[in-house]
Amino acid sequence: MRILSGVQPSGKLHIGNYFGAIRQFVQLQADAANECYYFVADLHAMTTIKDGAVLRDNTFRVAADFIALGLDPDRSVLYRQSDVPEVAELAWMLSTVTPMGLLQRGHSYKDKVAKGITPNHGLFAYPVLMAADILIVRADRVPVGKDQKQHLEMTRDIAAAFNQTYGRELLRVPAELILPEVAVVPGVDGQKMSKSYGNTLEIFAPEAELKKRVMSIVTDSTPVGEPKPTRGNTLYALLKVFTPESEWPATKKLFSEGGTGYGEMKKRLLGLILDTFRDARARRDRLDADRGYVEVVLRDGRDRAREVIASVMADCRRVGGLG
Ligand code: ADP
Ligand code: TRP
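Residues numbered from 1 in each chain as written. Chains lettered and ligands numbered in written order. Predicted model: local features only at pLDDT ≥ 70, side-chain atom pairs only at ≥ 80, totals over all residues. Heavy atoms only, no water.

Asks: Before we move on, could you go through the overall build of the chain and cite the residues and values that matter?
Replies: For the chain, the helix and strand inventory stands at 14 helices and five strands. In terms of overall size, the chain behaves like a compact globule, its C-alpha atoms giving a radius of gyration of 21 Å where 323 residues would be expected to give roughly 20 Å. By its C-alpha atoms, the chain is 75 × 45 × 40 Å across when sized along the principal axes. Residue burial in the chain is summarised as follows: out of 323 residues, 49% are buried. In the chain, of all internal contacts separated by at least 6 residues, the share reaching a separation of at least 24 is 79%. Element-wise, carbon and sulfur atoms account for 51% of the exposed surface of the chain, whose accessible area totals about 15300 Å². Seen as two clouds, the 44 positive and the 40 negative side-chain charges of the chain have centres 3 Å apart. (Helix = DSSP H or I, 4+ residues; strand = E, 2+ residues; numbered from the N terminus. Rg over C-alpha atoms; globule rule 2.2 N^0.38 Å. Buried < 20%, exposed > 50% of the residue type's maximum accessible area, 1.4 Å probe, protein only. Contact = heavy atoms within 4.5 Å. Areas by Shrake-Rupley, 256 points an atom, 1.4 Å probe, with all protein chains shown as cover. Lys, Arg positive; Asp, Glu negative; His and termini not counted. Charge placed at Lys NZ, Arg CZ, Asp CG, Glu CD.)

Quick look at the structure:
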């Protein structure tokens, strides 16, 4: 099965990105039957980052984070989106079969507009570029967090529109892959954890900073001795993310019994985060000292990605009447 996914280098990776996406990337590459393509979506991040030096640095960082978190360049193709410029060309072709109404219904676009962000065309057309990312490698499965569900539906619609227009099964219509139990990891303020909401727990933040962030998780004012609610409780939701399902009843008891204060629970959460990412954090430090290695991985990934996309591009150009 061919697997593809991407992460925007719009900031530093957080635990929502890990549990919602990257952990699955790592699991999927372990199956020899899978052929995995993972990329850093720097063209997408241009819709929000307007400083070239910052974008370039973030892109490198996310690539190094991928490797530190276990993406193995021998098992997966890791590349930088902008190193495969054909993606932008295919996005244009797809845009000519994409109805305006489809994009106007986009949640992500509508949310940004509702937040007062003045939309640019790139933000509006974002789902078309994402469709190109996926369709260009003929992906079968796209592992993402729940928030990307609509983008995947749009990809399927766009692929179907292209196939219908040109009268053949040219583009493979992909499926999504969403882990329901960690579908949305909450941030320190209880909203969805997101780089754009400033509410993240960063995987690679220095320990002191991480501690400060964990201590800032918003809790209610239930006294230490009293039972604490679990519904809508951010701290509970985060502790659950870090514990295997078999231990969830014990975690629940910690809250419902009373006697354990939120401060103590936060310390427990910090310990779990540091334990979970101990090896990755050490690897990440080593990669910072060996930036050349990361560049070699990306260059190799670019070459391998461009090899598989050549036939899709040739087909699309031919049926579209280009060249
Ligand atoms: P962000 O919202 O922080 O900018 P991205 O949109 O770059 O994150 O998402 C990268 C990947 O991580 C996507 O597959 C997305 O679905 C997943 N993801 C992001 N935030 C969360 C979250 N809070 N819970 C679960 N998955 C998430
Ligand atoms: N839109 C995705 C996000 O914000 C990132 C992304 C871009 C992506 N292209 C993709 C994810 C293709 C999966 C497949 O998280």
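Next comes the rest of the description.
Asks: Kindly report on the environment of Val 214, identifying the contributing residues and their values.
Replies: As for its position among the elements, Val 214 is in helix α9 (residues 207-215). Among the residues examined, Val 214 registers a relative accessible area of 0% and is labelled buried. Taking C-alpha positions, Val 214 is 8.0 Å from Lys 267, a pair spaced 53 residues apart along the chain. Apart from the residues lying within four places of it in its own chain, the contact partners of Val 214 are Leu 201, Lys 266, Leu 269, Leu 270 and Ile 273.

Asks: Pulling in residues and values, what's your account of the site of ligand 1?
Replies: Surveying the vicinity of ligand 1 reveals 20 residues, the closest of which are His 14, Gly 145, Asp 147, Val 185 and Lys 195. With respect to ligand 1, the side chain of Lys 192 contributes an N or O atom lying 3.0 Å from a nitrogen atom. Between a nitrogen atom of ligand 1 and a main-chain N or O atom of Met 193, the distance comes to 2.9 Å. Bound to the protein, ligand 1 loses 93% of the 540 Å² it would expose on its own. Among the cavities detected, the one that contains ligand 1 is the largest pocket. Counting residues per element, the shell around ligand 1 draws most heavily on helix α1 (residues 15-29), which supplies four residues. For the shell around ligand 1, a count of residues per class yields eight nonpolar, nine polar and three charged. (Near = heavy atom within 4 Å. Polar contact = N/O pair within 3.5 Å; in protein donor to acceptor, adjacent residues only side chain to side chain. 1 Å grid on protein atoms, 1.4 Å probe; cavity = no way out; pocket = protein on both sides within 12 Å on 5 of 7 lines; lining within 4 Å. Sits in = over half its atoms within 2 Å of the grid points. Nonpolar A, V, L, I, M, F, W, Y, C, P; charged D, E, K, R; others polar.)

Asks: For the site of ligand 2, give the residues involved together with the corresponding values.
Replies: Neighbouring residues of ligand 2: 13 residues in total, closest Gln 8, Tyr 126, Met 130, Asp 133 and Gln 148. Between an oxygen atom of ligand 2 and a side-chain N or O atom of Gln 8, the distance comes to 3.3 Å. Here Asp 133 contributes a side-chain N or O atom positioned 2.7 Å from a nitrogen atom of ligand 2. Elements with a minimum of two residues in the shell around ligand 2: β1 (2-7) and α7 (121-135). In terms of residue count, α7 provides more of the shell around ligand 2 than any other element does, four residues in total. Taken together, the residues of the shell around ligand 2 sort by class into seven nonpolar, five polar and one charged.

Asks: Could you give an account of the nonpolar core, with specific residues and numbers?
Replies: Counting residues in hydrophobic clusters, the biggest one holds 52 residues, and the most contacted among them are Ile 15, Tyr 38, Phe 66, Leu 201, Leu 269 and Phe 277. Residue assignment places this core across two domains, with domain 1 (2-184 + 291-320) and domain 2 (205-276) each supplying three or more. Once residues within four sequence positions are removed from consideration, Phe 66 is found in contact with Val 7, Ile 22, Phe 25, Tyr 38, Phe 39, Val 40 and Leu 71. If you look at the next biggest cluster of nonpolar residues, it comprises 43 residues, including Ile 136, Ala 139, Val 144 and Val 319. (Core = buried A, V, L, I, M, F, W, Y, C linked by side-chain atoms within 4.5 Å. Domains from an automatic or database assignment.)

Asks: Please provide a residue-by-residue account of unusual backbone geometry, values included.
Replies: Backbone geometry at Arg 138 places phi at a positive 55°, although glycine is not the residue there. Mapped onto the elements, Arg 138 comes out in the loop between α7 and β4 (141-143). Overall, the relative accessible area of 17% leaves Arg 138 in the buried class.

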